[in-house]
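Summary of structural features
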Amino acid sequence: MNRQTQIVKALQTWIEANLHHTLSVSDVAEKSGYSIWHVQRLFRQVTHKGVGEYIRERRLINAATALLTSNASVLSVALQYGYESQHAFTRSFRNYFSQPPGSWRRSGCCTATPLFSVIDPSSG
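Here's what I pulled together on the structure shown here. (Residues numbered from 1 in each chain as written. Predicted model: local features only at pLDDT ≥ 70, side-chain atom pairs only at ≥ 80, totals over all residues. Heavy atoms only, no water.)

1. Structural notes on the packing of helix 1 (residues 3-17) against helix 2 (residues 25-32)
For clarity, the threshold we go by: Interaxial angles span 0 to 180 degrees and are taken between N-to-C directions of axes, which are lines fitted to C-alpha atoms, for helices over the stretch in contact. Secondary structure elements are taken from DSSP: a helix is a run of H or I of four residues or more, a strand is a run of E of two residues or more, and numbering for both begins at the N terminus. Note on terminology: angles under 35 degrees are roughly parallel, angles over 145 are roughly antiparallel, angles of 65 to 115 are roughly perpendicular, and the others are oblique. When the near helix sits turned anticlockwise from the far one by under a right angle, the crossing is termed left-handed; a clockwise turn instead gives a right-handed crossing. When checking whether two residues touch, look at their non-hydrogen atoms; a contact exists if any pair is within 4.5 Å.
Taken N-terminus to C-terminus, the directions of helix 1 and helix 2 make an angle of 125 degrees; their axes are 11 Å apart at the nearest point. With respect to their mutual orientation, helix 1 and helix 2 come out oblique. For the pair helix 1 and helix 2, the sense of crossing is right-handed. Contact residues: L11, W14 and I15 in helix 1; D27, V28, K31 and S32 in helix 2.

2. Examining the environment of Q86
Put simply, the test is: Relative accessibility decides the category of a residue: with a 1.4 Å probe and only protein chains considered, values under 20% of the type maximum give buried, values over 50% give exposed, and everything between is partly exposed.
Considering the arrangement of structural elements, one finds Q86 in helix 6 (residues 86-97). Residue Q86 is classed as partly exposed on the basis of its relative accessible area, which comes to 37%. In this structure the C-alpha to C-alpha distance between Q86 and P101, which are 15 residues apart in sequence, comes to 9.7 Å. Dropping the residues within four chain positions of it, Q86 is found in contact with V74, L75 and A78.

3. Some remarks on the packing of helix 2 against helix 3 (residues 36-47)
How we decide: Side-chain classes follow a simple rule in which Ala, Val, Leu, Ile, Met, Phe, Trp, Tyr, Cys and Pro form the nonpolar group, Asp, Glu, Lys and Arg form the charged group, and the remainder, Gly included, forms the polar group.
In contact at an axis separation of 9 Å, helix 2 and helix 3 are set at 95 degrees when each is read in the N-to-C sense. In terms of their interaxial angle, helix 2 and helix 3 are classed as roughly perpendicular. Only I36, V39 and Q40 of helix 3 make contact with helix 2, whose side of the interface consists of V25, S26, V28, A29 and S32. Residue composition of the contact of helix 2 with helix 3, by class: five nonpolar, three polar and no charged.

4. Quick look at unusual backbone geometry
One non-glycine residue, H48, adopts positive backbone phi at about 65 degrees. As for its position among the elements, H48 is in the loop between helix 3 and helix 4 (51-69). With relative accessibility at 60%, the residue H48 sits in the exposed group.

5. Concerning the packing of aromatic side chains
Note the following rule: To pair, rings of Phe, Tyr and Trp, with the six-membered ring standing in for Trp, must have centres within 6.5 Å; the planes then decide the type, stacked if under 30 degrees apart, edge-to-face if over 60, and tilted in the middle.
Here the structure, examined in full by the defined rule, presents seven aromatic pairs. Relative to W104, the ring of F93 has its centre 5.8 Å away and its plane inclined at 80 degrees; by these criteria the two rings are edge-to-face. Of this pair, F93 sits in helix 6 while W104 sits in helix 7 (residues 101-107); the two residues are 11 residues apart in sequence, bridging distant segments of the chain. No difference in accessibility class separates F93 from W104, as the two residues are buried. Feature note: the residues Y83, F89, F93, Y96, F97 and W104 constitute an aromatic cluster, connected by ring pairs.

In structure tokens form, the structure reads like this:
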């Protein structure tokens, strides 16, 4: 595993541990010790996603899992994962999973979009 991949994997681990906090690209850059520009470049090289996109996707996926594994209301899940309102959460959720969170919960899974997983850089 090359150095860039190691850096991104370490940042992914840190992001996962801190998803319950408000995270920005500058927070990730500060944690890494690199400039925002350099962190974005590294992230995109390894994951093919920008840092902000990665954070948003991980929050949505964790929220989708919470909808399936808990009895918390959609609003509670939305607020837990950093959304300002249920409307904003529903809009983001529908854009990513092609269905609103309530339908997702009732169906028990999503057939339109597979769940995103943390990238394994060793897999090519």
